[in-house]
Amino acid sequence: MARQATGMQATGTGRTALVLGATGGVGGEMARALAARGWTVRGLRRKPAAEPRSAQGADGIDWIVGDAMNAADVLAAAEGAALIVHAVNPPAYRHWDRLVLPMLDNSIAAARANHARILLPGTVYNYGPDAFPLIPETAAQNPPTRKGAIRVEMERRLHRAVGQGAKLLILRCGDFFGPQAGNNWFSQGLLTPGKPPVRINQPGRPGVGHQWAYLPDVAETAMRLLDREAELGDDAMFHMDGHWDADGGGMVAAVARALGKPGLPVRRMPWWAVRLGGLAVPLLREIGEMRYLWQRPVRLDNRRLLAFLGEEPRTPLDIAVRRTLAGLGHLPAQPADGPEPDRTLFGSHRHQDQPSDQVGFG
């Protein structure tokens, strides 16, 4: 059963992690991967679990009742932790601009108190067209959107915290998808939420490439980086390549194949309806603000990651899509994610389709 975030003792192993956002797609994937790696994992949640459970549930997460907006709750939950995964967003994206930075400040304060590393799943929202089409870790961050500007400020505060006792790892990815990925372009954009797939929406222009990140691969990449903690340095940032859809049609075709409906209609995303709906629905407003990322090829350059790890884990696209659709209830349950042979590896060479000059909604 979940417990209050007070009076906890450190494990003494240096392998304790606090995951903020563990009930969500990104945080949940990270939490499960950490537990599988032998970490003691704490998850902070606002309400007790609906079902009674032991102090450490079957998912390997020690659930703690607390609020990421409450500095004392976060500090208590992080006691003795070597890692804080910051993957939390306000519920339903309400008041995102007012709540995101205070949440992050609480994580930073807890990391400083414990000399812990913060792991932040980064997004492409930090960048504007001046950084396109191929974005290295050193690219200038000049976002054209309000949300992007907040993301830039988040990372500015994190980098500043490195000089104040915390450590940092930013792992930046394309658009998330996965069996338990929550709100994202795959489940909310390509498909119609809560309805059987009768068509696929295409958000981008025909022929424009787009980058996707399968969450189990993101978590596995993060674990391999954390396995080499001593080599990371105090302020580390890496970009993933994930699944690069060179013409914007690859993901649509993979969805149709997985559903066994190669003739499934494809329609252009009705952006006018998104803009209209955004007047009343915060999530649609967030979606509409990111349209610019679908109008030009935007690709993260993973050469630094390849140089450090030697390879990037990647589950084959058709397997990843089938598992994602099964998680959304559109297909029968698929086998659980695992290491090879389900995952292939990007070697240290440049992909042939990668131009020489070339992130969930949160």
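Higher on the page you've got the structure.
Since the model is a prediction, treat every value here as computed from it, not as a measurement.

Rules and cut-offs
- Residues numbered from 1 in each chain as written.
- Predicted model: local features only at pLDDT ≥ 70, side-chain atom pairs only at ≥ 80, totals over all residues.
- Heavy atoms only, no water.
- Helix = DSSP H or I, 4+ residues; strand = E, 2+ residues; numbered from the N terminus.
- Buried < 20%, exposed > 50% of the residue type's maximum accessible area, 1.4 Å probe, protein only.
- Pairing = 2+ DSSP bridges.
- Axes fitted to C-alpha atoms, helices over the stretch in contact; angles between N-to-C directions.
- Contact = heavy atoms within 4.5 Å.

A.B. asks: Help me out: how do you make sense of the overall build of the protein in this one?
C.D. replies: What the protein contains, in helices and strands, is twelve helices and 17 strands. The proportion of buried residues among the 362 residues of the protein is 55%.

A.B. asks: Quick question: what am I supposed to make of the pairing of strand 4 (residues 61-65) here?
C.D. replies: Every regular strand shows the same layout, with side chains that alternate between the two sheet faces. Summarising burial for strand 4: five of the five residues are buried, a large majority. Burial of the side chains of strand 4 extends over both faces: Ile61, Trp63 and Val65 are buried on one face and Asp62 and Ile64 on the other. Inspection of the sheet shows strand 3 (residues 40-45) paired to strand 4 by five bridges, in the parallel sense. Bridge pairing in strand 4 places arginine 45 opposite valine 65.

A.B. asks: Explanation requested: unusual backbone geometry in the structure shown.
C.D. replies: Working note: non-glycine residues mostly have negative phi, and peptide bonds are mostly trans. With an omega of 5°, the peptide bond between phenylalanine 132 and proline 133 qualifies as cis. Relative to the elements of secondary structure, proline 133 occurs in the loop between strand 6 (117-122) and strand 7 (134-135). If you check the backbone angles, histidine 115 has positive phi at about 50° while not being a glycine. With respect to the element layout, histidine 115 can be found in the loop between helix 3 (96-114) and strand 6.

A.B. asks: Just checking my understanding: could you explain the sheet that holds strand 13 (residues 243-245) for this structure?
C.D. replies: In sheet architecture, strand pairing relies on hydrogen bonds along the backbone and comes in two forms, parallel and antiparallel. Spatial ordering of the open sheet is given by 9-11-13, a layout of three strands whose pairing is mixed. Every interior strand has two partners, whereas the edge strands, strand 9 (175-177) and strand 13, have only one. Across this sheet, the average inter-strand angle for adjacent strands is 35°, counted without regard to direction. Sheet topology places strand 9 next to strand 11 (residues 210-214); three bridges connect them, and they run parallel. Bridging across to strand 11, phenylalanine 176 finds its partner in alanine 213. Packed onto the sheet, helix 6 (residues 215-226) meets strand 9, strand 11 and strand 13 and runs at close to 70° relative to strand 11. Contacting strand 9, strand 11 and strand 13, helix 12 (residues 317-327) crosses the sheet at an angle of about 65° to strand 9.

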